[in-house]
Amino acid sequence: MSAAPDRRSSNGAAPAVSDASAPSPDLSGRLVYRFGAGEADGDLSLKPLLGGKGASLAEMSRIGLPVPPGFTISTVCCQYTIDHDGAWPDGLAEEVDAGLHHIEAILGARFGDSASDDIGGDGAPATAAPDTEAPLLLSVRSGAAQSMPGMMDTVLNLGLNDIVTEQLARATGNPRFAYDAYRRFIDMFGDVVTGVPHHHFEAALAALKAERSVTSDLDLTAADLRTLVARYKAVYETHAGAPFPTDPRVQLRLAINAVFASWNNERAVKFRRINRMQDLVGTAVTVQAMVFGNTGPESGTGVLFTRNPATGEATLFGEFLANAQGEDVVGGLRTPRAIAEMEEAFPGVYAQLVDAARRLEAHNADMQDVEFTVQDGQLFLLQTRNGKRTGPAALKIAVDFVREGLADPPTAVRSLVEPHHIDQLLHPQFADATAYADRVIATGLPASPGAAVGRVVFTADEAERQRDAGERVLLVRVETSPEDVGGMDAAEGILTARGGMTSHAAVVARGWGTPCVSGCGALVIDEAAGRFTVGDIVVKTGDWLSINGSTGEVILGQEALVEPELTGDFETFMGWVDDARVLGVRANADTPADAAQARAFGAAGIGLCRTEHMFFGDDRIGAMREMILADTDAARAAALDRLLPFQRADFAGRFRAMDGFPVTIRLLDPPLHEFVPHTPGSQQETADRLGVPVEQVRAAVARLAEVNPMLGHRGCRLGITNPAITAMQACALFEAAVEVQAEGVDVQPEVMVPLVGTVAELADQRAVVERVAAEVFAERGVEVAYLVGTMIEIPRAALTAGAIAAEADFFSFGTNDLTQMTYGYSRDDAGTFIPAYLDRKVLPADPFQTLDREGVGQLVSMATTSGRSTKAGLKVGLCGEHGGDPASVAFCHTVGLDYVSCSPFRIPIARLAAAQAALSA
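This write-up is about the structure you can find in this document.

Regarding helix 24 (residues 694-704), the residues found buried are Val694, Val697, Ala700 and Val701. Buried positions in helix 24, seen along its axis, are confined to an arc of 120 degrees and lie on one side of it. Set apart from the buried face of helix 24 by more than 90 degrees, the exposed residues are Glu695, Ala702 and Arg703. On the buried face of helix 24, the contacting elements are helix 21 (621-629) and helix 23 (680-690).

Attention now moves to the sheet that holds strand 5 (residues 154-158). Read from one edge to the other, the open sheet built from six strands follows the order 2-1-3-6-4-5, with strand pairing classed as antiparallel. Looking at the sheet topology across the chains shown, the edges are occupied by strand 2 (39-40) and strand 5. With six bridges joining them, strand 4 (residues 138-143) and strand 6 (residues 284-289) adopt antiparallel strand pairing. The residue bridging Arg141 from the neighbouring strand is Thr286, located in strand 6. Helix 1 (residues 47-62) contacts strand 1 (32-36), strand 2, strand 3 (70-73), strand 4 and strand 6 of the sheet and is inclined by roughly 35 degrees relative to strand 6. Against the sheet, helix 3 (residues 92-107) engages strand 1, strand 3, strand 4 and strand 6, with an angle of about 5 degrees to strand 1.

A few words now on the layout of surface pockets. Empty space among the atoms becomes visible once a probe the size of a water molecule is rolled across them. Considered as a void within the structure, the second largest pocket measures approximately 580 Å³ in volume. Taken together, 30 residues line the second largest pocket, and the ones lying closest to its centre are Leu107, Met290, Val291, Gln375 and Phe380. Listed by contribution, the elements that provide at least two residues to the lining of the second largest pocket are helix 4 (162-172) and strand 11 (378-386). Of the residues forming the lining of the second largest pocket, the biggest block, three residues, is contributed by helix 4. Considered class by class, the residues forming the lining of the second largest pocket number 20 nonpolar, nine polar and one charged.

The next subject is empty space enclosed by the protein. On inspection of all chains with the given rule, the structure shows four cavities of 30 Å³ or more. If you add up the space inside the largest cavity, you get close to 90 Å³. For the lining of the largest cavity, the elements supplying multiple residues, two or more each, are helix 9 (266-274) and helix 31 (834-839). Taken together, the residues that form the lining of the largest cavity break down as four nonpolar, two polar and four charged.

So, about the pattern of salt bridges. Using the criterion set out here, one finds 50 salt bridges in the structure. What emerges from the salt-bridge pattern is a single network uniting Asp180, Arg183, Arg184, Lys209 and Asp217.

On to the state of the cysteines. For the structure on display, the rule yields zero disulfides. The thiol sulfur of Cys731 is not disulfide-bonded, and the nearest other cysteine sulfur, from Cys609, lies at 17 Å. Taking relative accessible area as the criterion, Cys731 reaches 16% and is therefore assigned buried.

Looking now at the packing of aromatic side chains. Scanning the model with the defined rule gives 19 aromatic pairs in all. Their ring planes at 70 degrees and their centres at 6.3 Å tell us that Phe573 and Trp576 sit as a pair that is edge-to-face. Within this pair, Phe573 and its partner Trp576 are both found in helix 19 (residues 569-580), separated by three residues, close to a single helical turn. Trp576 matches Phe573 in its accessibility class, with the two residues each being buried. Relative to Phe905, the ring of Phe601 has its centre 5.1 Å away and its plane inclined at 70 degrees; by these criteria the two rings are edge-to-face. Taken as a pair, Phe601 in the loop between helix 20 (592-600) and strand 26 (606-610) and Phe905 in the loop between strand 32 (899-902) and helix 34 (907-920) lie far apart in primary sequence, 304 residues in all.

Conventions adopted
- Residues numbered from 1 in each chain as written.
- Predicted model: local features only at pLDDT ≥ 70, side-chain atom pairs only at ≥ 80, totals over all residues.
- Heavy atoms only, no water.
- Buried < 20%, exposed > 50% of the residue type's maximum accessible area, 1.4 Å probe, protein only.
- Helix = DSSP H or I, 4+ residues; strand = E, 2+ residues; numbered from the N terminus.
- Arc of directions from axis to C-beta.
- Contact = heavy atoms within 4.5 Å.
- Pairing = 2+ DSSP bridges.
- Axes fitted to C-alpha atoms, helices over the stretch in contact; angles between N-to-C directions.
- 1 Å grid on protein atoms, 1.4 Å probe; cavity = no way out; pocket = protein on both sides within 12 Å on 5 of 7 lines; lining within 4 Å.
- Points joined across faces, edges and corners; volume = space filled by probe spheres on them.
- Nonpolar A, V, L, I, M, F, W, Y, C, P; charged D, E, K, R; others polar.
- Salt bridge = Lys/Arg side-chain N within 4 Å of Asp/Glu carboxyl O.
- Disulfide = S-S within 2.5 Å.
- Phe/Tyr/Trp six-rings, centres within 6.5 Å; stacked < 30°, edge-to-face > 60°.

Fair warning: the whole summary comes from geometry, so function is off the table for now.
Below, the structure is given as structure tokens:
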């Protein structure tokens, strides 16, 4: 007898992937919330306690929609149960019993039998017949406060044993249905609760079909399924080491614990890390009366969106299967039918669905994703939630909701479009959709729009490995499962051979904005061999492939991509965004092309222009190296004179692009060793250019080397020890400003001194800038208004901001270095340990992606307050990478900053995040 995998303990708890300590949950209040028959204990306001599923069921019950009765165990019980090896908090068993009686009273049915009267039953086999001819079966389902599709576990048809199955057969007059439900239950319970791998049950099913000479499960008779149940029990006992538990109440307790434990399975932990869901306390568990879509031709099950989640079109979108359970629709095992076909197959039910869709949209003020079952012609709604949608769909839905009177502009901005939707709108498309017509090798379902190009991989692990190695990959699978979530995140696009528009791959890809083609049945995938075929065409691991998630086309080779155009609904929506936001949004732009792109995306100026990036061109690096390696003041001045025209032209380009908006130019920041030649070839080339022995170049390179250059001779320290560098940059800046102002351009230059730690450093550099400005203005006979400020990126500068403000016209927080220096983490090396910190919840988020409010944020807040206490009109911004992170933008709004600055392609995201922060304040 083989042992079951070490996946669950004897009471159904799973070993946690993350063993970080969590705050003690508050178990002093109610633990179970009931719903059904038009009433509910909870509502949407309790979503943190009830999870999305439990809250939506309560809300649907309250507004009179047909919901099977049930109860939801609060999220606060999740971590307690995991931490206590499956033990329940005091009072939970009694509240669960009350929940069971609630369901029984509504339905006039009985759960279990006379051998087990409460949830603490001892697991003895049932020996007495149930008291009723209508046995009650249950579903046990997960549901966190934020949607995690497919990441946690579910158990259906719970409550069956030999006696109850016979009762179900008699009550329904359908023995085949009863035994099919029983075998499905044993399979799912074994897999989810005890860790008996699903493929063992599949093998038993395949063997029986071979014995009966049938190919479809539907061809098995009731007697065949009775035989299959016996074999499933034997499989269970062989691999679990114990008989299948027949007491329904023991089944229920074990299933509840297993669903709680699935909160910490590997795929769920990885999904939360990818989606930055680090503040959730756990999953709720919803226990609900089963309704069946597989009782015959008048039954069915399906998933629908109240609007098309790919395009936003105002029509029902989804799929259904007649005579099927829900797992058959989303699992890709059977080919579903389009929801529109229900109008002919189930006209009365379809009319009810249309009405329910309208009511749910109006009630929730959002597009809905609805799961439903039809049992013998009666409609039941099993779940509704705000539907995942693509960026283009989100934008259209938001604008249409306002036009239809379902939302006003502030509501549309606050809740109908998320920052990542805006990001999706900026994804590339194919340059010419007609150019690849002869290379389309197959067509599947257009599950998630956008174009993707990458090298083919066939496993999620390989996708992650190749991504980490710098490759662009396309993940090709027969069908994806929740275990593939890491590879799906790593891939440029996803291609599956099976699955519909609501399959796992489709739903997750749309939510992430990853292009996806699903259900491409022409693909014959041989994962072991690392290849797939389409007819005579063979595509192997590493081959280039392109997919069009908007059309479903699969294209051989590497197709060219172009950036999308943003017009129409985008302009309308972003107008509402700008009406709502208070925080300004600028761009980090180092080239005139970046500046022009930033303006196109709505930037109100440049918040960071890194001048060092101007020195690396082939026509400039030589002069830069001459300046660094010069051994006399005259030689250094000559090299700077050669650099000045380049700087002046670059600055002029930025001023023209930002006509009427401020341009913040940071003086030279990196250590000089970054510019010198380090390879023998480049050293010889520099020596030849300077007309000096190569040994002299090598000596100079060695002299500039530093043990810790990022804390060494850089930033304002360079300007103080080499004032000619600051003077050259200031001269180029003010000459460009005067030149462009004469063209009629509204020039607003801001000079930013980097890496200041003392007020004396800023005063020194400000004096150089002001002297050069006066000289240029006197020579040209015209003046340009300008500001001189500093980047606050050293903790000491934040702590002494009040003194520094006396010499500053503005502050700009450089939170990349400020985070690095506050934490003592190297930005270049932190990637080796931060993922482990996130998994173990040592950190709530990567501090280089989302601003640390408690530490770094405290310095930002303190410095802002202190600086403005010295200079009331002090302008304050943030120009680190955090300027494009929505959570960090919300913090900047709260602190009262004037603006954030981010990369050009994150500007629309920052604008939306700023508006949402203002509307949520």
